[in-house]
Each structure stands twice: as structure tokens, then as C-alpha cells.
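# Reading the structure
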Amino acid sequence: MIVSTRGRYALRVLIDMAEHSDVERIPLKEIADRQQISQKYIEAIMTLLSKNGFVDGVHGKGGGYKLNRKPEEYKVGDLLRLTEGTLAPVACLEVGAEKCAKEGSCRTLPMWSKLDELIEGYLDSVSVADLIKKD
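Residues numbered from 1 in each chain as written. Predicted model: local features only at pLDDT ≥ 70, side-chain atom pairs only at ≥ 80, totals over all residues. Heavy atoms only, no water.

### Topic: the side chain of T83
This is how it is decided: Numbering goes from the N terminus for both helices and strands, where a helix is a DSSP run of H or I of at least four residues and a strand is a run of E of at least two. Throughout, a contact is declared for two residues whenever any of their heavy atoms are within 4.5 Å.
For T83, the position within the fold is in helix α4 (residues 76-84). Not counting residues up to four positions away in its chain, the partners in contact with T83 are R6, G7, A10 and L48.

What follows is the structure in C-alpha cells.
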């Protein structure tokens, strides 16, 4: 599994929003400036996050975006499944994948399955709140 730019940037955007959650709504331009990501790219990310219930947005004067839940309720695994489509380390473990003809005799499938469990388990255990802690 390789996390795309979209996945990495979406995570950075949520972290930024959590760190600035004292503001009613955060304009895209402010997030783009702080994160040094083009506003156009962030617009696409925010559309995805908004349509999937991760953030609330208001357009127009005084508009912007805000988190609609607490930072500890945003799990990294959920965000990456949204942006990446899958966290599976191999194609045969992706949701909806066709059954592999070699599944019964595949010597590596148990290893890949265990890796998949570890990846999913770990990413589902990390929240945005964990990432903004300054230890």
C-alpha cells in the first residue's frame, strides 16, 4: 500500500483544521497557505471530505469549513480508505476483489492477510487527536 498525495494532503488538512478548531469556519485559503498546498487541490479534497460527512462547509462571505466531530473521532484508517479506496497490501484482499483461483493453494495469502489486519488495525487505532498531541 502506498498512500497517494491526496491521502497525505487530506490528513494534513484534517490535522490543520483540528489545530485551528477554535475558529468558527476556516477559509480554504488559510489552510492552503499554512499547508503550502494549492487551493485548487484542497478544494477537491474538501469536496470529497464534505460529501462524505467528514467536514461541514459554508460557501460565500464568511464561509469556510469546520470539523463536524471531535478530533479523536476521526480515525486515520477511515480517512485513508476514503481517499485511497483500499488499504489492502495486495489486490486479492481488496473489498469486492474477484476470488483468486489460487486462494486454496496460495502459500503467501496468510502472510498478506495478517499484514492487512495489522495495517487496518493500526490505522484504525490512530486518530487526528493523536497526531496533534505535542509530547
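### Regarding the pattern of salt bridges
Heads up, the condition is: By definition here, a salt bridge exists when the distance from a side-chain nitrogen of Lys or Arg to a carboxyl oxygen of Asp or Glu is within 4 Å. The rule is simple: take the accessible area with a 1.4 Å probe, protein chains only, and divide by the maximum for that residue type; under 20% is buried, over 50% is exposed, in between is partly exposed.
Tallied over the entire structure, the rule returns 10 salt bridges. Put simply, D124 and R81 hold a salt bridge, and the shortest N to O gap is 2.5 Å. Taken together, the positions of D124 in helix α5 (residues 109-125) and R81 in helix α4 put the pair 43 residues apart, joining distant regions of the chain. For D124, a relative accessible area of 30% puts it in the partly exposed group. Among the ionic pairs, K133 bridges to D130, the shortest N-O distance being 3.5 Å. Given a relative accessible area of 53%, K133 falls into the exposed group. Look at the salt bridges and you will find they share partners, linking D78, R81, E120 and D124 into a network.

### Description of the packing of helix α1 (residues 5-19) against helix α2 (residues 28-35)
The cut-off we apply is this: Every angle, taken between N-to-C directions, lies between 0 and 180 degrees, and every axis is a line fitted to C-alpha atoms, over only the stretch in contact when it is a helix. Our angle categories are set so that under 35 degrees counts as roughly parallel, over 145 as roughly antiparallel, 65 to 115 as roughly perpendicular, and the remainder as oblique. Handedness of a crossing follows from how the near helix is turned relative to the far one, being left-handed for an anticlockwise turn of less than a right angle and right-handed for a clockwise one. Classes in brief: Ala, Val, Leu, Ile, Met, Phe, Trp, Tyr, Cys and Pro nonpolar; Asp, Glu, Lys and Arg charged; the others, Gly included, polar.
Orientation of α1 relative to α2, taken along the N-to-C sense of each, is 110 degrees, at an axis distance of 10 Å. Viewed along their axes, α1 and α2 adopt a mutual orientation that is roughly perpendicular. The two elements α1 and α2 meet at a crossing, and its hand is right-handed. Between α1, through R12, V13, D16 and M17, and α2, the contact on the second element is made entirely by I31, R34 and Q35. Looking at the contact of α1 with α2 residue by residue, the class counts come to three nonpolar, one polar and three charged.

### Quick notes on α4
Applicable threshold: Note: the arc covers the axis-to-C-beta directions of the helix.
Listing the buried residues of α4 in full gives V76, G77, L79, L80 and T83. On an axial view of α4, the arc spanned by its buried residues comes to 160 degrees, and they lie on one face. Tucked inside the fold, the buried residues of α4 contact α1, α3 (39-51), α5 and α6 (128-132). The first or second residue beyond α4 is G85, which carries a positive phi of 90 degrees.

Shape descriptors only; they carry no functional weight alone.
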